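# Overview (structure and organization)
Read off the chains here:
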Amino acid sequence: MSDQTTTGQRTASSKDSEPHLARSLSNRHIQLLAIGGAIGTGLFMGSGKTISVAGPSVIFVYMIIGFMLFFVMRAMGQLLLSNLNYKSFSDFAGDLLGPWAGFFTGWTYWFCWVVTGVADVIAIAGFANELWPGVPLWIPGLATIVILLLLNLPTVKAFGETEFWFALIKIIAIAALIIVGIVMISTGFTSDAGAASFTNLWSHGGFFPKEFMGFVAGFQIAVFAFVGIELVGTAAAETKNPEHNLPRAINAIPVRVMLFYVGALIILMSVIPWTEFKAGHSPFIAMFSLAGLGIAATVVNLVVLTSAMSSANSGIYSTSRMVFGLANDGDAPKMFGRLSSRKVPQNALFLSCVLLLGGVALLYAGKDIGAAFDMVTTVSAVCFMFVWSIILASYLVFRKRRPQLHEASTFKMPGGIVMVWVVFAFFGFLVWALTTQPDTLTALLVTPIWFAILAVAYALVRKSPLHQARVAEWKAMAETETAAVETAAR
């Protein structure tokens, strides 16, 4: 790895003066960041709708999605570690697929998180209103943005510490649900819904009560719960000892999916038959309330509030870093490529926070905001699939163009090229699944508008001197790396 790192140094003289992000995120931070990225409000609130449309088959839905995305993360990890000068996946996309890919990936990922962040601000305002009825919606919305800005401005370590505690709260909540549920099942707890038993998983119509199309509908909703799983890739440039910490965080993804998603859902549907769950109602609150824990509604609302804060925090972090990288590539205004004295891209951070103010404005947009926002977040999820696909495409080009670097890698993607095409086929299935419902089909048809806007923007920036200099630099760096590896192999 040391040879790769040495030969992978940026060759252009401009790199000497380019601002560098600080590697301040420790193993503790990156591990919890990976967990926080994989667990969102989709589990705490959205799982009620997923269970109601798919029944117990939703267990297999989460297992399949988690299994497929694990290979995306392994491909991302191998590419990031092949050259420690990559700040994120938009860097290796631009290097391997061409400048257009870096531009499209960076800005699409930025768009995904801005939309998700706006959704989180709206969700936080809604949860706050349940906890403190009558509070004007703009107060918690605005307070969230100010708090997150103040948490992110000092240092990247402050962000890591905040996300560490946010993720820990989510883990404790899920662990509490599993423990309480196991006690209820083992003691034969009985309620109006029936006895708590693992037999509830198959005694109400079997594992596939809604048949195949119900199973497909589960994928439509559940895939949204996994957005943010690639967040460790955005943090790569600020991770201490990335050769050790990134593989550990990525390799733990299957265990986390099995425990936090599959484990929690098995317990929920064992204690309460799946037929009792409804969209818009938290299964967590339902189970704790059933157990006689009256304070559960308040506690779970606080946990969901924290989960939304965690997601918004991740959004502010990732969008600011992505814009910082784009600015240094000549693909965003130069002012966003500057760092504060504490190595934080504060101008890019302010941009993210200003855009999140859109969430506060949307709170007063009218009664149809819920339906409209469902469509916007679906667009965001489709764009996340685009980013995941770009990561896999970059891996294929890396294998073909730099076989020596692939052989020298100590963190190879399992399954290699075959698994890349398996995951691509799965993404094709997801796109088809989105066409089976009117609301998601509309969002799917609207998504190309975003890429048309990007195409026009790219046509304008591709001729800029800084963008062309970065393209030349990538080519020189690739030639230097390949030559060095070939020399070492002789």
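Preceding block: the structure.
Predicted model only: the values in this text are computed from it and were never measured.

## Looking at the nonpolar core
- If you look at the biggest cluster of nonpolar residues, it comprises 131 residues, and the most contacted ones within it are Trp388 and Phe427.
- Discounting chain neighbours no more than four positions away, the residues touching phenylalanine 427 are Leu69, Val72, Met385, Trp388, Ser389 and Leu392.

## Considerations on a nonpolar patch on the surface
- A grouping of Trp138, Ile139, Leu142, Val146, Leu150, Val354 and Leu357 is seen on the molecular surface, where their side chains present a nonpolar patch of about 610 Å² in accessible area.
- At the level of elements, α7 (138–152) and α15 (346–362) are the ones that each hand at least two residues to the nonpolar patch.
- If you tally residues by element for the nonpolar patch, the top one is α7, at five residues.
- Here valine 146 shows up in helix α7.
- Valine 146 sits in the partly exposed class, given a relative accessible area of 41%.

## Topic: helix α19 (residues 438–446)
- Inspection of α19 places Thr440, Ala443 and Leu444 among the buried residues, and these make up the whole buried set. Buried residues along α19 cover an arc of 100° about the axis, so they all sit on one side. Facing away from the buried side of α19, by more than 90 degrees, are the exposed residues Pro438 and Leu445.

## What to know about the pattern of salt bridges
- Applying the stated rule across the entire model yields one salt bridge.
- In this structure, the salt-bridge partner of arginine 402 is aspartate 95, at a minimum N-O distance of 3.2 Å. Remark: aspartate 95 occurs in helix α5 (residues 89–97) and arginine 402 occurs in the loop between α16 (369–401) and α17 (403–408); sequence separation between them is 307 residues. Aspartate 95 carries the same exposure label as arginine 402, and that label is buried.

## Quick word on the packing of aromatic side chains
- Taken as a whole and assessed by the stated rule, the structure comprises 29 aromatic pairs.
- Their ring planes at 80° and their centres at 5.0 Å tell us that phenylalanine 67 and phenylalanine 71 sit as a pair that is edge-to-face. Placement of both phenylalanine 67 and phenylalanine 71 in helix α4 (residues 58–82) is noted, with a separation of four residues, approximately one turn of the helix.
- The exposure class of phenylalanine 67 is partly exposed, given its relative accessible area of 44%.
- Ring geometry for phenylalanine 164 versus tryptophan 165: centroids 5.2 Å apart, planes at 90°, classification edge-to-face.
- For arginine 74, the ring lying beneath its charged end belongs to phenylalanine 411, and the centroid distance is 4.0 Å.

## With respect to the environment of arginine 401
- For arginine 401, the location among the structural elements is in helix α16.
- Owing to a relative accessible area of 45%, arginine 401 belongs among the partly exposed residues under this scheme.
- Expressed as a C-alpha distance, the spacing of arginine 401 and leucine 96, which sit 305 residues apart in the sequence, is 8.4 Å.
- Residues in contact with arginine 401, not counting those within four places in the same chain, are Asp95 and Leu96.

## Describing the packing of α4 against helix α12 (residues 253–271)
- Contact geometry of α4 with α12 gives a least axis separation of 10 Å together with a crossing angle of 170°. Considering their axes alone, α4 and α12 lie roughly antiparallel with respect to each other. Each of Val58, Ile59, Tyr62, Met63, Gly66, Phe70 and Met73 in α4 lies in contact with α12, whose residues at this interface are Ile253, Pro254, Val257, Met258, Tyr261, Val262, Leu265, Ile266 and Met269.

## Topic: the side chain of threonine 50
- Looking at where threonine 50 falls in the secondary structure, it is placed in helix α3 (residues 41–54).
- Residue threonine 50 is classed as buried on the basis of its relative accessible area of 1%.
- Discounting residues that sit within four places of it in the chain, threonine 50 has contacts with Gly55, Val58, Tyr62, Gly218, Ile221 and Ala222.

## Focus on the packing of α12 against helix α13 (residues 283–290)
- At a minimum axis separation of 11 Å, α12 and α13 run at an interaxial angle of 50°. Relative to α13, the element α12 is oriented oblique. Both α12 and α13 take part in a crossing whose hand is left-handed. Residues Ile267, Leu268 and Val271 of α12 touch α13, and the partners they reach there are Pro283, Phe284, Met287 and Leu290.
- Tallied by class, residues from the contact of α12 with α13 come to seven nonpolar, no polar and no charged.

## Details of the environment of serine 341
- Locating serine 341 in the fold gives a position in the loop between α14 (296–328) and α15.
- Taking the C-alpha atoms as reference points, serine 341 and proline 154, separated by 187 residues in sequence, lie 9.6 Å from one another.

## Focus on the environment of isoleucine 185
- Take isoleucine 185: it is sitting in helix α8 (residues 156–186).
- With relative accessibility at 14%, the residue isoleucine 185 sits in the buried group.
- Sequence separation between isoleucine 185 and serine 270 is 85 residues, and the spatial gap between their C-alpha atoms is 7.5 Å.
- Other than its neighbours up to four places away in sequence, isoleucine 185 contacts Ala196, Ser197, Phe198, Ile267, Ser270 and Val271.

Conventions and cut-offs
Residues numbered from 1 in each chain as written. Predicted model: local features only at pLDDT ≥ 70, side-chain atom pairs only at ≥ 80, totals over all residues. Heavy atoms only, no water. Core = buried A, V, L, I, M, F, W, Y, C linked by side-chain atoms within 4.5 Å. Buried < 20%, exposed > 50% of the residue type's maximum accessible area, 1.4 Å probe, protein only. Contact = heavy atoms within 4.5 Å. Patch = residues over 30% accessible without salt bridge, like charges linked within 9 Å, V, L, I, M, F, W, Y side chains within 5 Å. Areas by Shrake-Rupley, 256 points an atom, 1.4 Å probe, with all protein chains shown as cover. Salt bridge = Lys/Arg side-chain N within 4 Å of Asp/Glu carboxyl O. Helix = DSSP H or I, 4+ residues; strand = E, 2+ residues; numbered from the N terminus. Arc of directions from axis to C-beta. Phe/Tyr/Trp six-rings, centres within 6.5 Å; stacked < 30°, edge-to-face > 60°. Lys NZ or Arg CZ within 6 Å of the ring centre and 35° of its normal. Axes fitted to C-alpha atoms, helices over the stretch in contact; angles between N-to-C directions. Parallel < 35°, antiparallel > 145°, perpendicular 65-115°, else oblique. Left-handed = near helix turned anticlockwise from the far one by under 90°. Nonpolar A, V, L, I, M, F, W, Y, C, P; charged D, E, K, R; others polar.

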